[in-house]
Amino acid sequence: MKMIMAIVQPKDAGKLRDAFIDNNIGATKLSSTGGFLREGNTTYMVVVEDDRVDEVLEIIKHNAKSREQYMTPAAQIDNGSSAIPINVQIGGATVFILPVEKFLQF
Amino acid sequence: MKMIMAIVQPKDAGKLRDAFIDNNIGATKLSSTGGFLREGNTTYMVVVEDDRVDEVLEIIKHNAKSREQYMTPAAQIDNGSSAIPINVQIGGATVFILPVEKFLQF
Amino acid sequence: MKMIMAIVQPKDAGKLRDAFIDNNIGATKLSSTGGFLREGNTTYMVVVEDDRVDEVLEIIKHNAKSREQYMTPAAQIDNGSSAIPINVQIGGATVFILPVEKFLQF
């Protein structure tokens, strides 16, 4: 079995949780904050059999991967100038896979 | 050494913490929520020597295992009908054991 | 790669976080409380290449190791007697190193 720790942005956390539920994957959410960006993030801890690891990785990738999005800067709207949408990068997931020696349920 | 991660219900968390203290087992409690049930749960992280793993598992089992309990449904009390206690399942612990390569204290 | 889990006192958490940032080490802070002392503590989760483990350990040691500090007991100040500083132990870090099989970024 493997433990998959996925650190994602709050923006993607709800969507990812729903995807875990839809796919019958038990995930525990740990409250966490990023040391780097000093902003909130979400850490999901998932433990699955080895043959489901790729499936979990696909779900994380599909729901939280880094992508670009056109946004209209608020400053431009405020000062009444024509709002030109700019391309910003959002999302992204950092994933660690750890070996699990034993899984038990009481 | 092994890291033992035990995810238990809030109902059992206090009792389990006390049992860890009574048995001189250092446990760190991580704030967590379940992805599945969307309800709060508690994750304990315990690191012990290999020869104490069984002892820790027994403590978790003893204090947080799934069990049945007779409950009187609130609805029956509310409508004044005779309250027939029903059997509900409470508790339960999910436990992962991970290998620890090194333990240090500064 | 290795996962380094460092449990430190709140007193040292901010200083350690800054040191991680200064050294370009991505650290995720997990909300945690100690089972032993029943007081808050902070768990940092850091994942680095094997050849950076010693560097991370040095940073933790430097910023959070157990040390003595002279403190003036509040009671002595309150009752107006001459305040004699006493030596108290503060800080300290508990560190676990776990093997990481895979690290991915999406």
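What counts, and at which threshold
Numbering of residues begins from 1 in every chain and follows the order in which that chain's sequence is written. Each chain is given a letter, starting from A, and each ligand a number, starting from 1, according to the order in which they appear as written. It should be noted that, the model being predicted, local features are given only for residues of pLDDT at least 70 and side-chain atom pairs only at 80 or more, the latter also being counted only at that level, while totals for whole chains, interfaces and linings use all residues. Excluded from the side-chain calculations are hydrogens and water; all other atoms, namely the structure's heavy atoms, are used. Each copy is superposed on the other by least squares, with the fit set by C-alpha atoms of residues at a pLDDT of at least 70 in both. Any Phe, Tyr or Trp ring, taking Trp's six-membered ring, that has another such ring centre within 6.5 Å forms a pair; planes under 30 degrees apart are called stacked, those over 60 apart edge-to-face, and the others tilted. Helix and strand labels come from DSSP, where a helix needs a run of H or I of at least four residues and a strand needs a run of E of at least two; each type is numbered from the N terminus. Only protein chains enter the accessibility calculation, which uses a 1.4 Å probe; a residue whose area is less than 20% of its type maximum is buried, one above 50% is exposed, and one in between is partly exposed. The criterion used for residue contact is that any of the two residues' heavy atoms lie within 4.5 Å. Reported buried area values correspond to the accessible surface (1.4 Å probe) lost by two parts on association, with both partners' losses combined. We count a salt bridge whenever a side-chain nitrogen from Lys or Arg sits within 4 Å of a carboxyl oxygen from Asp or Glu. We call two N or O atoms a polar contact when they sit within 3.5 Å, provided that within protein one can donate a hydrogen and the other can accept it, with sequence-adjacent residues counted only if both atoms are side-chain atoms. The span you would expect from a helix comes to 1.5 Å times its residue count less one. When we speak of the arc, we mean the arc of directions from the helix axis to the C-beta atoms.

As annotated in an unreviewed UniProt entry, chain A carries the name Nitrogen regulatory protein P-II and comes from Limosilactobacillus mucosae DSM 13345.

With an RMSD of 0.0 Å, chain C superimposes on chain A once it is rotated by 120° and translated 0.0 Å along the axis. This pairing of chains is accounted for by a three-fold axis. Minimal C-alpha separation from the rotation axis in chain C is found for S31(C), amounting to 3.3 Å.

Further remarks concern the packing of aromatic side chains. Overall, the coordinates contain six aromatic pairs over all chains when judged by the stated rule. For the ring pair F20(A) and Y44(A), a centre distance of 5.6 Å and an interplane angle of 75° mean the geometry is edge-to-face. One end of the pair, F20(A), is in helix α1 (residues 10-22); the other, Y44(A), is in strand β3 (residues 40-48), with 24 residues separating them in the sequence. Take F20(A): its relative accessible area is 1%, and that puts it in the buried class. Where F103(B) meets F96(C), the ring centres are 5.6 Å apart and the plane angle is 25°; that geometry is what we call stacked. In this pair, F103(B) sits in strand β7 (residues 102-105) while F96(C) sits in strand β6 (residues 93-99), so the two residues belong to two different chains. Take F103(B): its relative accessible area is 33%, and that puts it in the partly exposed class. Judged by its relative accessible area of 5%, F96(C) falls in the buried class.

We now examine the interface of chain C and chain A. Contacts between the two partners involve 23 residues from chain C and, on the opposite side, 26 residues from chain A. Each partner contributes to the roughly 2,100 Å² buried at the junction of chain C and chain A, and carbon and sulfur atoms together form 65% of this total. By the criterion of area lost to chain A, the three top residues of chain C are E101(C), L104(C) and F106(C), representing 32% of everything that side buries. Between chain C and chain A we count one salt bridge in total. The partner of K2(A) in a salt bridge is E101(C), and the shortest N-O contact between them spans 2.8 Å. If you look at where chain C meets chain A, you find seven residue pairs in polar contact (both at pLDDT 80 or more).

Since the α-helix turns once every 3.6 residues, residues separated by three or four places project in the same direction. Residue and element names in this part refer to chain A. In this model helix α2 (residues 53-64) runs 16 Å from its N-terminal to its C-terminal C-alpha over twelve residues, within 8% of the 16 Å that 1.5 Å per residue would give. Here α2 has its buried residues at V53, V56, L57, I59, I60, N63 and A64. The arc that holds every buried residue of α2, seen down its axis, measures 160°, which confines them to one face. Away from its buried face by more than 90 degrees, α2 exposes D54 and H62.

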